[in-house]
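The primary structure of each chain is shown beneath.
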Amino acid sequence: MNEQTRGPDRTVRYGDHPSQVVDLYEGAGTGPQVTVLHGGYWRERYDRGYLAPFAVALAEAGARVALVEYRRAGGGGGWPATGEDVDAALDALGAAPNVLLGHSAGGHLALCAAARREHAAGRVIAVAPVADLRRAHELRLSDGAVAEFLGGEERVADLLPEADPMRLLPRVPVEILHGTADEDVPLDLSRRYTNNWGTRLHLLPGIDHFTMFHPHTAPYGVLVDAIWNG
């Protein structure tokens with residue numbers, strides 16, 4: 001993604017750890033306030049940087065964007081610390097955003113926030129989320145990322161009740177977008193979540209895990225439409 005033309009307008013801290021920061025991109029229009037949680041299977045080596053061009057594009061379209069960083073497994077995070085960071089960032093940002101948008105593991109975190117917080121956002125949009133943690137663990141997705149995130153195999157069963165969106169009733173409206181050609185997070189996880197809770201699922205035929213975040217593509221247009229008009 002090479003579309004990024006500028007950095008954030010401001011970066012604010014919500015804690016003392018280097019990862020406890022939020023980049024703010026101030027749109028010039030009257031678009032929605034969008035808080036964004038990045039993916040990367042909750043691992044330290046993946047940060048918010050890959051979604052910076054997306055944040056820039058949204059801001060240039062008129063949105064006010066908050067791109068959240070958080071502690072990740074291998075860098076002081078994992079469960080529950082990572083979830084606590086999402087709560088702390090939302091608290092620090094003040095008024096609930098119009099949209100809380102999460103991608104992949106960030107989608108998992110957004111769905112958890114939707115269950116924990118009555119006013120997490122006006123709506124949650126989860127793009128290819130890890131929406132069924134138990135199933136993701138059974139499939140050993142990303143070389144056992146769920147067990148790593150939860151602190152080891154011996155902790156998985158005990159923590160699933162509080163960390164698995166399949167067990168957490170959302171308290172705000174949820175919409176899921178998932179590409180049918182996604183090889184990183186199986187579409188079945190989103191199907192299971194939407195069947196469980198009756199939320200909206202929008203399928204994008206032939207689309208992979210990342211294309212929706214590439215400005216100037218048709219899938220990006222679908223995502224933007226969901227943000228503005230969902």
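Look a little higher up for the structure.
Since we're looking at a predicted model, the values are computed, not measured.

What counts and how
- Residues numbered from 1 in each chain as written.
- Predicted model: local features only at pLDDT ≥ 70, side-chain atom pairs only at ≥ 80, totals over all residues.
- Heavy atoms only, no water.
- Buried < 20%, exposed > 50% of the residue type's maximum accessible area, 1.4 Å probe, protein only.
- Helix = DSSP H or I, 4+ residues; strand = E, 2+ residues; numbered from the N terminus.
- Contact = heavy atoms within 4.5 Å.
- 1 Å grid on protein atoms, 1.4 Å probe; cavity = no way out; pocket = protein on both sides within 12 Å on 5 of 7 lines; lining within 4 Å.
- Points joined across faces, edges and corners; volume = space filled by probe spheres on them.
- Nonpolar A, V, L, I, M, F, W, Y, C, P; charged D, E, K, R; others polar.
- Phe/Tyr/Trp six-rings, centres within 6.5 Å; stacked < 30°, edge-to-face > 60°.

### Considering helix α5 (residues 141-150)
Burial within α5 is extensive, with seven of its ten residues counted as buried. Considered for burial, the residues of α5 that qualify are Leu141, Gly144, Ala145, Val146, Ala147, Phe149 and Leu150. Buried-residue contacts for α5 involve α2 (81-93), α3 (105-116), α4 (133-138), α6 (153-163) and α7 (187-197). Just downstream of α5 lies Gly151, where phi reads positive at about 95 degrees.

### Re the layout of surface pockets
Empty space within the largest pocket amounts to approximately 180 Å³. In terms of lining, the largest pocket is formed by 13 residues, of which the most central are Gly40, Tyr41, Tyr46, Asp184 and Phe210. A breakdown of the residues in the lining of the largest pocket according to their chemical character gives four nonpolar, six polar and three charged.

### Description of the packing of aromatic side chains
For the coordinates displayed, the defined rule picks out six aromatic pairs. Plain terms: the ring middles of Phe54 and Phe213 are 4.9 Å apart, the flat faces sit at 85 degrees to each other, and that makes the pair edge-to-face. Of this pair, Phe54 sits in helix α1 (residues 52-60) while Phe213 sits in the loop between β8 (200-204) and α8 (218-229), and the two are 159 residues apart along the sequence. Ring geometry for Phe54 against Tyr220: centres 6.1 Å apart, planes inclined by 90 degrees, an arrangement best described as edge-to-face. In this pair, Phe54 is assigned in helix α1 and Tyr220 in helix α8, connecting sequence segments 166 residues apart. Given a relative accessible area of 11%, Tyr220 falls into the buried group. Taken together through their ring pairs, the aromatic side chains of Tyr41, Trp42, Trp79 and Phe149 make up a single cluster.

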